[in-house]
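Secondary and tertiary structure notes
Each chain is listed here by its residues.
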Amino acid sequence: MALDISHVCKQFGRKTAVQDLSFAMEDSGVFGLLGTNGAGKTTTIRMLLGILKQDTGTITWDGHPVTRENVSFGYLPEERGLYPKIGVGEQLVYFASLRGMDTQKAKQAIGRWYTRLDIGKYDRMTADQLSKGNQQKVQLAAALLHDPALVVLDEPLSGLDPVNTDLFVDVMHELAAAGKYIVLSSHQMEAVEAFCTNILMLKDGQTVLQGNLRTIKDSYGRTNLSIESPVDLRLKAELAGLTVLSQDARGLECKIPEEAAAYRFLRGLLDEGVRIDKFEVRTPSLHEIFVEKAGVSA
């Protein structure tokens, strides 16, 4: 099986929402679809799922157009998609029936996800009685009840507390380990780095970065320094020729001209007896690359 998007374009009037988009998933795992608000991510997802029709290009699964008939897919939208005044259990049975599941199989699947996501206690409650996080868990269950091969998750961690974030992270790991094809759209770069082997970044509907995430990061080189200390090191870093990118209560993030400059800086601090809690020369984070590539132009 493989997902292939080739030279896809979409316009709304005179506005080009997506321009000549191409990417492929030949193996199961997690693919990261990134970009700022308005970059074209949601339009891409809606075309991928057949909600919108692309103007040009092709979107195929195993060589055939993506439709409900030839691919089993699950979709967790960024916007809430639950009926506010209908009971959770009733809704999940209904959503399962839309995927061709009979009532018995639906209830078995619902029971499994009730246990996995700890939402069984909400079975008779209406959606509007649930917190945002619990509504998100119900929607995740609805997306996965029929055991889809292709899963599209649009901002799945939005609005979740740390406990439920960890739960969603665990479920995503389980889905990837089970051989699912997952397209993940998220503004949380740490989550993308943790899951995604390959990424595509959009800006104003155009691809500005694409490829293997590790290869992309390695191509930048070890140009960043993270240093933590109870001492304010900003002036010392600037005098040492380092560019301070940010500073917080823990310490500094710096851009270095070369690795040797960072280690000369470290030796100088140690010679002065400065306490260092963390010193890491590293490739830039995906967050930093995202800001560089997809940020607002000057």
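Look up a bit, the structure's there.
Residues numbered from 1 in each chain as written. Predicted model: local features only at pLDDT ≥ 70, side-chain atom pairs only at ≥ 80, totals over all residues. Heavy atoms only, no water.

1. Section: the overall build of the chain
Our working definition: Secondary structure follows DSSP: runs of H or I at least 4 residues long count as helices, runs of E at least 2 residues long count as strands, and numbering of each begins at the N terminus. Only protein chains enter the accessibility calculation, which uses a 1.4 Å probe; a residue is then buried when its area is under 20% of its type maximum, exposed when over 50%, and partly exposed in between. Contacts: residue pairs with any heavy atoms within 4.5 Å of one another. A 1.4 Å probe and the Shrake-Rupley method give the accessible areas. Residues count as covered only by the protein chains that appear here. The charge count treats Lys and Arg as positive and Asp and Glu as negative. His and the chain ends do not count. Note that the charge is assigned to NZ on lysines, CZ on arginines, CG on aspartates and CD on glutamates.
Looking only at helices and strands, the chain features ten helices and 14 strands. With the C-alpha coordinates of the chain rotated into their principal frame, the extents come out at 70 × 45 × 35 Å. Residues counted as buried form 46% of the 298 residues belonging to the chain. For the chain, the share of sequence-separated contacts (at least 6 apart) that also reach a separation of at least 24 residues comes to 67%. When the accessible surface of the chain is totalled, it reaches about 15,100 Å², and 49% of it is carbon and sulfur. Taken together, the 33 basic and 38 acidic charged side chains of the chain have centroids lying 4 Å from each other.

2. Let's talk about the sheet that holds strand S14 (residues 278-282)
Spelled out, the test is: What makes two strands pair is DSSP finding at least two bridges between them. Axis definition: a line fitted to C-alpha atoms, limited for helices to the stretch in contact. Angles are taken between N-to-C directions and run from 0 to 180 degrees.
If you trace the four strands from one edge of the open sheet to the other, you get S12-S13-S11-S14, paired in antiparallel fashion. A strand with exactly one partner marks an edge of an open sheet, and here the two such strands are strand S12 (243-247) and S14. Shown here is a sheet whose adjacent strand axes are inclined to one another by a mean of 20 degrees, direction ignored. Where strand S11 (residues 224-228) meets S14, five bridges bridge the pair, whose relative direction is antiparallel. Its bridge partner lying in S14, Asn224 is registered against Arg282.

3. Quick word on the layout of surface pockets
Selection rule: Of the two site types, the cavity is a set of points on a 1 Å grid over the protein atoms alone where a 1.4 Å probe fits but cannot get out, and the pocket is an open set with protein on both sides within 12 Å along at least five of seven lines, each lined by residues with an atom within 4 Å of a point. Grid points are joined across faces, edges and corners, and a volume is the space filled by probe spheres set on the points. Residues are sorted three ways: Asp, Glu, Lys and Arg are charged, Ala, Val, Leu, Ile, Met, Phe, Trp, Tyr, Cys and Pro are nonpolar, and all the rest, Gly among them, are polar.
Quantified by volume, the largest pocket comes out at close to 460 Å³. Taken together, 18 residues form the lining of the largest pocket, with Arg68, Tyr75, Pro77, Phe95 and Arg99 sitting closest to its centre. Taken together, the elements giving at least two residues each to the lining of the largest pocket come down to strand S6 (73-76), helix H2 (88-98) and helix H4 (132-144). Among the elements that make up the lining of the largest pocket, the one with the highest residue count is S6 (four residues). Its residues assigned to classes, the lining of the largest pocket shows eleven nonpolar, four polar and three charged.

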